[in-house]
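This is what each chain is made of:
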Amino acid sequence: MKRLFLLGAAPVLAVFLAGCPATPPSQTASNGAAGTSDSGTAKTLTIISPHNRAIQVEFGDLWKKSHPETELKWIDQGGSSDDLRFVREQFARRSKQQGIGIDVFFGGGGETFSELEGDGLLVPITAKSDVPDELNKVPLRGKDSTWVGAALSGFGILYNKQIATRDKLPVPQSWVDLGNPKLADRIELADPRKSGSAHVVYEIILQTNGWDKGWKILTSMAGNARRWMSSSSEPLQDVQNGEAVFCTAIDFYATNAIDSAGPDKLAYIQPAGQNLITPDPIGILQGAPNAEVAQKFVEFVLSPEAQKLWITKKGAAGGPTNSTLSRLPASPAAYGGQDSFTTTNPYKEKVTIAFDSEKASKRRRALDDLIGAVLVDNATAVQDKWRKTPDMEKSGYVPMPEAAFDALAAKWGDAATVTTQKQKWSADAQKFFGS
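Rules behind the numbers
- Residues numbered from 1 in each chain as written.
- Predicted model: local features only at pLDDT ≥ 70, side-chain atom pairs only at ≥ 80, totals over all residues.
- Heavy atoms only, no water.
- Phe/Tyr/Trp six-rings, centres within 6.5 Å; stacked < 30°, edge-to-face > 60°.
- Helix = DSSP H or I, 4+ residues; strand = E, 2+ residues; numbered from the N terminus.
- Buried < 20%, exposed > 50% of the residue type's maximum accessible area, 1.4 Å probe, protein only.
- Pairing = 2+ DSSP bridges.
- Axes fitted to C-alpha atoms, helices over the stretch in contact; angles between N-to-C directions.
- Contact = heavy atoms within 4.5 Å.
- Arc of directions from axis to C-beta.
- Salt bridge = Lys/Arg side-chain N within 4 Å of Asp/Glu carboxyl O.
- Core = buried A, V, L, I, M, F, W, Y, C linked by side-chain atoms within 4.5 Å.

## Digging into the packing of aromatic side chains
- The full count for this structure, using the stated rule, is 22 aromatic pairs.
- Measuring from ring centre to ring centre gives 5.3 Å for W63 and F297, while their planes differ by 70 degrees; the resulting arrangement is edge-to-face. Of this pair, W63 sits in helix α1 (residues 53–66) while F297 sits in helix α9 (residues 291–301); the two residues are 234 residues apart in sequence, bridging distant segments of the chain.
- Its relative accessible area of 0% is what places W63 among the buried residues.
- Ring geometry for W63 and F300: centres 5.4 Å apart, planes at 70 degrees, overall edge-to-face.

Here you go:
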């Protein structure tokens, strides 16, 4: 479901949209003409973001204290993958100079911003901050400062402790454990074509285990999956409700779920030796209608005051007013406060796993389509084969060699290649899982 939130001096207004707007957001009704109110004085900064409403409200309220003349209009097409797709589609119809009526892209993962950067859809950021260039060899800034990490994210497994204990289910300690046959029909996964966070989890599995073993792990996970969801939040809700027992999750989504349901009901596990911290960036789009204000907003998000919102407990001095956001800040200086929700400091933790962010960015769209064509679109066949023969060596599927895939991914902008290849991937998978 598409969402739009307008944060201003008045209470939050929520307008739920049934589909993508027919015109760019700059041409939709907000308070008069795009960028100004009827009085001609107030400006509207339009932000596309997969961030939840709690984040939007806290950052919006703090922004209004020093910028009362600027309204913040938040739009979301359903998640980071859909937001990225929407922005690309809009720019395909308009020039970069014209822009698409959106000023800022806020949140969505480093690969999302590397793609925007590669498409030439971001402008350099002028704001200065203490965010370093990288963390454990994972970039936290774009080339030529076209994006910068605003927060940090980790990935792991959320599970329902009560049901796992009641049904005596083995609790996964690593990604490979999600393929345990005893967990059949007990896990839920998100479609990477719809969920950017799900994509990152699958890329981590492939890179930290190696392509062939990684694909066998993904196959076993898909074999155990009760269903594939269109967003990363849906599996978390189903685990909380007891419809599923295990799911992959971003660390802060898991933390918020545990805070809501209670630690006696839910728990979160970071896979041993395979936990990766990645940036959740912010950037300014080409042709931003309020480019100067957009630069000020990025500077605000990177400021010490805003960075404290991520990690400080609700109600504490300098913290959020309505909700603890449970996020890791990108600013190293934001850590160590006595009112922080966590003692974790990723800048002091040593991570030794090898992860190639550039490779991940270059093959993102192709990998999403490959996983979709092989595992998601053939979900029933994958489940049937896995449950008949729950053996990764016999039922694990490797669709093609990694080198050949990476070469193909480099040509993924060609529509004919995409269509033909997706059909072939699906057909080959059907033969394997139907055998």
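## Some details on helix α3 (residues 110–118)
- Most of α3 is tucked away: 7 of the 9 residues are buried.
- Buried within α3 are the following residues: G110, E111, T112, F113, E115, L116 and E117.
- Just downstream of α3, G120 is the residue with a positive phi angle, here 75 degrees.

## A short note on the sheet that holds strand β11 (residues 187–190)
- Spatial strand order, β12-β11-β13-β10-β14: 5 strands in an open sheet with mixed pairing. Two strands bound the open sheet, and with one partner strand each, they are β12 (225–229) and β14 (266–269). Averaged over all neighbouring strand pairs, the angle between strand axes comes to 30 degrees, with direction disregarded.
- Where β11 and β12 come together, 4 bridges link them in parallel fashion. Within β12, the position partnered with A190 by the bridge is M229.
- Set on the sheet, helix α5 (residues 196–209) makes contact with β10 (155–160), β11, β12 and β13 (246–250); between it and β10 the angle comes to about 110 degrees.
- Each of β10, β13 and β14 touches helix α8 (residues 251–261); the most contacted strand, β14, lies at about 160 degrees to it.

## Re helix α15 (residues 402–409)
- Along α15, the residues that are buried comprise F405, L408 and A409. Relative to the axis of α15, the buried residues are bounded by an arc of 100 degrees and lie together on one face.
- Summarising the contacts, the buried residues of α15 are in contact with α6 (211–224), α11 (357–362), α12 (364–376) and α16 (415–434).

## Let's talk about the pattern of salt bridges
- One pass over the structure, following the stated rule, counts 24 salt bridges.
- A salt bridge links R88 to D119, with the shortest nitrogen-to-oxygen separation between them at 2.6 Å. Residue R88 is found in helix α2 (residues 80–93), and its partner D119 is found in the loop between α3 and β6 (122–123); the two are separated by 31 residues along the sequence.
- Overall, D119 belongs to the partly exposed group, its relative accessible area being 29%.
- Two residues, R226 and E188, come together in a salt bridge whose shortest N-O distance is 2.5 Å. Taken together, the residues R226 in strand β12 and E188 in strand β11 connect sequence positions 38 residues apart.
- For R226, a relative accessible area of 28% gives the class partly exposed.
- Judged by relative accessible area, E188 falls into the buried class, the value being 0%.
- Via salt bridges that share partners, R88, E115, D119, R364, R365 and D368 belong to a single interconnected network.

## Some points on the nonpolar core
- Judged by nonpolar contacts, the single largest core of 69 residues is most densely connected at L158, F246 and L375.
- Counting residues per element, this core draws most heavily on α12, at 8 residues.
- Judged by nonpolar contacts, the second largest core, of 38 residues, contains F59, W63, V131 and I311.

## Description of the environment of L178
- Along the chain, the position of L178 falls in the loop between α4 (161–166) and β11.
- Between the C-alpha atoms of L178 and T248, which are 70 residues apart in sequence, the distance is 9.3 Å.
- The residues contacting L178, other than those within four sequence positions of it, are I157, P172, L183, I187, S220, M221, N224, F246 and T248.

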